[in-house]
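Residues per chain are reported as follows:
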Amino acid sequence: MNGQEHTSTLNFTENKGQYLSNIDYKLSINEGDIYLENNKVTYNLFSRDLVSDIHHGKKNKNTIINGHTYSVSFENSLPNSQHFPDGKSSNYSNYFIGKDESKWATNIYDFESVTYKNIYEGIDVKYYGYYGQVKYDFIVEPGAEPDQILLSYKGIDKMTIKNGHLFLETNFGTLVENSPYVYQWVDGKQKKIACEYFLKNNQVSFKLNQEYDESLELIIDPVLSFATYTGSSASNFGCTATYDNAGNMYVGGTVFGLGYPTTIGAFQTNYSGGS
C-alpha cells in the first residue's frame, strides 16, 4: 500500500448461499466480476458499457458481447485457509433468486477487504481496492519463505514481462500487473526491497534482488490494472418505483449478470434480455 491508508470504492460481497458453494466473495468491477475462492481467484470479464448500450437501444439486441475468463491458483498452497473480511458495510442486500426458498439469502453484507490467513506457511494474502484499482498484498511473516509463492495462470492467451510489468493478453484486451512494490517497516520508516517477476510456463513467482531483514514482516504489493478495458458499473436498470405510508422506497427493475463461468478462456454470447 506504499505506506498509505488504502481508499476503496470496491466492495467484496460475502457468499451466504446466493452463489455457488466454491465462492467465498464476489467483487463486481467496471470490467466484470472477480470471484475469491479457497486458494484460487477467478476473473470473468466483459463490457458493462456494451450491455447498457444494448438495453438503451444504442446497439442491436443481438449484438455479441465478448468476454474472457481466467483464473489464478496458488500452487502448492495450504488447504482450507481461513478468510477474514474487514470494513463491513452498514447496508445489506437480500437475494431471492429462483423459486426454491432454501436457496434464498438475506442480510448479505459487503466488505472493503478480505484477508486469507496462511495461504502458505506464514504468508497471508489480502485483497482490497486502492483508488479504484484491484490490489492484493502478500504479507510474509518474520521467518517465512517468500519463495513459497507460486501463481498459476489458466485461460491467458499470452504472458510476457516488459519493463518489469507482467502483461496478460486475452482476446478482449490486455491486463497489466504492475511491477511488485516490496517493502518492510524498519525503525518506523518504509524500506523498499528490490523485486521482480519471474515467469515460467504461465507460472509467476517473485524474485527478491536484495537482502532483507527476515526478523521483520515483508510486504509484496502488486497492482492489477485493466489496461484496455472500459466500462461503467451500470449492470441494473430501474423500471418502476413507489413508496409506502412509512416512507419506505420500493424499486423494480432488471439486473444483468453472467454468473460464475464454467469454462476458462474467451467466450461470446448474444444478449437475450429482450428489448
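Small disclaimer: the values here were computed from a predicted structure and weren't measured.

### Describing the overall build of the chain
Then step 1. Broken down by element type, the chain carries one helix and 20 strands.
Then step 2. Going through the 275 residues of the chain one by one, you find that 43% of them count as buried.
Then step 3. Accessible area of the chain: about 14700 Å², with a carbon and sulfur share of 45%.

### Thoughts on a negative patch on the surface
Then step 1. A grouping of Glu-145, Asp-147, Glu-211, Asp-213 and Glu-214 is seen on the molecular surface, where their side chains present a negatively charged patch.
Then step 2. One can find Glu-145 in the loop between β9 (133-140) and β10 (151-154).
Then step 3. On the accessibility criterion, Glu-145 (40% relative accessible area) is partly exposed.

### Examining the nonpolar core
Then step 1. In terms of nonpolar packing, the biggest core is built from 45 residues, with Leu-36, Tyr-70, Phe-74, Tyr-127, Phe-138, Leu-151 and Tyr-153 touching the most fellow members.
Then step 2. At six residues, the largest contribution of residues to this core is made by strand β7 (residues 105-120).
Then step 3. Setting aside its immediate chain neighbours within four residues, Phe-138 contacts Phe-74, Ile-123, Asp-124, Val-125, Ile-149, Leu-151, Phe-206, Leu-218, Ile-219 and Ile-220.

### Details of the packing of aromatic side chains
Then step 1. Evaluation of the coordinates by the stated rule reveals 13 aromatic pairs.
Then step 2. Judged by centre distance (6.1 Å) and plane angle (70°), the ring pair of Tyr-19 and Tyr-95 falls under edge-to-face. Note that Tyr-19 is positioned in the loop between β1 (12-14) and β2 (23-29) and Tyr-95 in strand β6 (residues 82-95), a separation of 76 residues in sequence.
Then step 3. Residue classification places Tyr-19 among the buried positions, given a relative accessible area of 17%.
Then step 4. When the centroid spacing of 5.6 Å and the interplanar angle of 40° are considered together, the rings of Tyr-197 and Phe-206 count as tilted.
Then step 5. For Tyr-197, a relative accessible area of 6% puts it in the buried group.
Then step 6. Judged by relative accessible area, which is 9%, Phe-206 ranks as buried.

### Regarding the pattern of salt bridges
Then step 1. In this structure the tally under the stated criterion is three salt bridges.
Then step 2. Among the salt bridges present, the one from Asp-124 reaches Lys-117, with a minimum N-O distance of 2.8 Å.
Then step 3. Under the relative-accessibility criterion, Asp-124 is labelled buried at 4%.

### A few points about the confidence of the model for the chain
Then step 1. The share of residues in the chain with pLDDT of 70 or more is 72%, and the mean pLDDT across the chain is 81.
Then step 2. Counting interchain partners and residues more than four positions distant, the pLDDT-below-50 stretch residues 227-238 has 37 contacts.

### Some thoughts on the environment of Glu-177
Then step 1. In this structure, Glu-177 sits in strand β13 (residues 173-186).
Then step 2. On a C-alpha basis, the gap between Glu-177 and Lys-135 in space is 9.6 Å, while along the polypeptide they are 42 residues apart.
Then step 3. When sequence neighbours within four positions are dropped, the list of residues in contact with Glu-177 reads Tyr-136, Tyr-153, His-165, Leu-166, Leu-168, Tyr-197, Pro-222, Val-223 and Leu-224.
Then step 4. Looking at Glu-177, its side chain comes within polar contact range of the side chain of Tyr-153, at 2.8 Å.

Basis of the calculations
- Residues numbered from 1 in each chain as written.
- Predicted model: local features only at pLDDT ≥ 70, side-chain atom pairs only at ≥ 80, totals over all residues.
- Heavy atoms only, no water.
- Helix = DSSP H or I, 4+ residues; strand = E, 2+ residues; numbered from the N terminus.
- Buried < 20%, exposed > 50% of the residue type's maximum accessible area, 1.4 Å probe, protein only.
- Areas by Shrake-Rupley, 256 points an atom, 1.4 Å probe, with all protein chains shown as cover.
- Patch = residues over 30% accessible without salt bridge, like charges linked within 9 Å, V, L, I, M, F, W, Y side chains within 5 Å.
- Salt bridge = Lys/Arg side-chain N within 4 Å of Asp/Glu carboxyl O.
- Lys, Arg positive; Asp, Glu negative; His and termini not counted.
- Charge placed at Lys NZ, Arg CZ, Asp CG, Glu CD.
- Core = buried A, V, L, I, M, F, W, Y, C linked by side-chain atoms within 4.5 Å.
- Contact = heavy atoms within 4.5 Å.
- Phe/Tyr/Trp six-rings, centres within 6.5 Å; stacked < 30°, edge-to-face > 60°.
- pLDDT = per-residue confidence, 0-100.
- Polar contact = N/O pair within 3.5 Å; in protein donor to acceptor, adjacent residues only side chain to side chain.

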